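A structural walkthrough
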Amino acid sequence: MARKTDREPGGGRVAVLGLGRFGASVARELVRRGSEVLGIDSDPVIAQRYADELTHIAVADTTDPEALRQLDVPQFHRAVVAIGTDLEASILTTATLVDFEIPHIWAKAISRQHGRILERVGAHHVVLPEHEMGERVAHLVTGRMIDYIKFEDDFAMVKTVAPHGIVGRSLAESGLRQAFGITVVGVKRRGEEFTYATQDTVVRAGDVLIVSGRIDDVEAFANRT
């Protein structure tokens, strides 16, 4: 059970509502990173599964405001609604947390339409893990990128091997911003850690670059490898 304390400005405590695959993964990572986590699920078997891994575990109907009050959920600074296919429970739970005026609410959506509803209800952050992962894999499959992260509708960061055309030249000499509309953020050489890139950084053969920019631009740059 959660211990009743004043709301923490730093958000050291997090309530995770729904302990399916996504919720459990988030909760375990939060614990690993030092957060105090209250995991809540309506299924006692699922809740018990994580009793030894999370700070606190509770079995409760997350759509019931009184049940959440008894667990001191309104005192939490951050909450994650990780309920899967039960759309009604997802929406009602999110609405309850909004009524509690929790400052930071993340909610999992299973579709863009579901996500729009969660946003209208009042979720501060909507996550579409399956959709976003599918999109990410598709970009990796069709391009020459090592990794791909999309931040906004038209902006991404990618990890790619430096193309031959810029090897032996500094980033300033390469004129990548003018030629491709991209920015090299970091560079990793074999056997070394990533370092921040500057205009004086000279690219070597085999260097791995972290590049940011519009999606079409970073993909076009990566495909020159």
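Residues numbered from 1 in each chain as written. Predicted model: local features only at pLDDT ≥ 70, side-chain atom pairs only at ≥ 80, totals over all residues. Heavy atoms only, no water.

It is worth spelling out the nonpolar core at this point. Counting 24 residues, the largest nonpolar core has I40, V73 and L97 as the members making the most contacts within it. Put simply, the parts of the chain that give this core at least two residues each are β1 (13-17), β2 (36-41), α3 (65-70), β4 (78-81), α4 (87-99) and β5 (104-108). (Core = buried A, V, L, I, M, F, W, Y, C linked by side-chain atoms within 4.5 Å. Buried < 20%, exposed > 50% of the residue type's maximum accessible area, 1.4 Å probe, protein only. Helix = DSSP H or I, 4+ residues; strand = E, 2+ residues; numbered from the N terminus.)

Attention now goes to a nonpolar patch on the surface. A contiguous nonpolar surface patch, about 280 Å² in accessible area, is contributed by M133, V137 and V141. Relative to the assigned elements, V137 resides in helix α6 (residues 129-142). Residue classification places V137 among the partly exposed positions, given a relative accessible area of 38%. (Patch = residues over 30% accessible without salt bridge, like charges linked within 9 Å, V, L, I, M, F, W, Y side chains within 5 Å. Areas by Shrake-Rupley, 256 points an atom, 1.4 Å probe, with all protein chains shown as cover. Salt bridge = Lys/Arg side-chain N within 4 Å of Asp/Glu carboxyl O.)

Glancing now at the pairing of β1. Two faces make up the sheet, and in a regular strand the side chains alternate between them. Counting buried residues in β1 gives five out of five residues, a clear majority hidden from the surface. By the alternation rule, side chains of β1 split into R13, A15 and L17 and V14 and V16, which are all buried. When β1 meets β2, the two strands line up parallel, connected through five bridges. Residue A15 lies in a different strand from β2, and its bridge partner there is L38. The β-α-β motif built from β1, the intervening helix α1 (residues 21-32) and the parallel element β2 has right-handed crossover chirality. By the bridge criterion, four bridges tie β1 to β4 in an arrangement that is parallel. Across the sheet, V16 pairs through a bridge with V80, a residue of β4. (Pairing = 2+ DSSP bridges. Right-handed = clockwise from strand over helix to strand, strands pointing away.)

Evaluated as defined, the whole model comprises one aromatic pair. For the pair F180 and F221, a centre-to-centre distance of 5.4 Å together with 75° between the ring planes defines the contact as edge-to-face. Pair noted here: F180 is in helix α8 (residues 176-180) and F221 is in helix α9 (residues 215-222), with a separation of 41 residues, a long-range link. Residue F221 is classed as buried on the basis of its relative accessible area, which comes to 0%. The ring of F76 has R13 lying over it, and the distance from NZ or CZ to the ring centre is 4.2 Å. (Phe/Tyr/Trp six-rings, centres within 6.5 Å; stacked < 30°, edge-to-face > 60°. Lys NZ or Arg CZ within 6 Å of the ring centre and 35° of its normal.)

So, on to the sheet that holds β1. The six strands lie next to each other as β3-β2-β1-β4-β5-β6, forming an open sheet whose pairing is parallel. The open sheet has two edge strands, β3 (56-59) and β6 (125-127), and neither has a second partner. Strand-to-strand, the axes of this sheet are offset by a mean angle of 15°, without reference to chain direction. (Axes fitted to C-alpha atoms, helices over the stretch in contact; angles between N-to-C directions.)

In low-pLDDT segments, the atomic positions of the prediction should not be examined closely. Looking at the protein as a whole, the pLDDT averages 89, with 93% of positions reaching at least 70. Across residues 1-11 the pLDDT falls below 50, and counting only partners more than four positions away or on other chains, this stretch makes 32 contacts in the model. (pLDDT = per-residue confidence, 0-100. Contact = heavy atoms within 4.5 Å.)

Here we come to the packing of α4 against helix α5 (residues 112-121). Orientation of α4 relative to α5, taken along the N-to-C sense of each, is 20°, at an axis distance of 9 Å. One finds that α4 runs roughly parallel with respect to α5. Between α4 and α5 the crossing geometry is right-handed. Here L87, S90, I91, T94, A95 and V98 of α4 come into contact with α5, specifically with H114, I117, L118 and V121. (Parallel < 35°, antiparallel > 145°, perpendicular 65-115°, else oblique. Left-handed = near helix turned anticlockwise from the far one by under 90°.)

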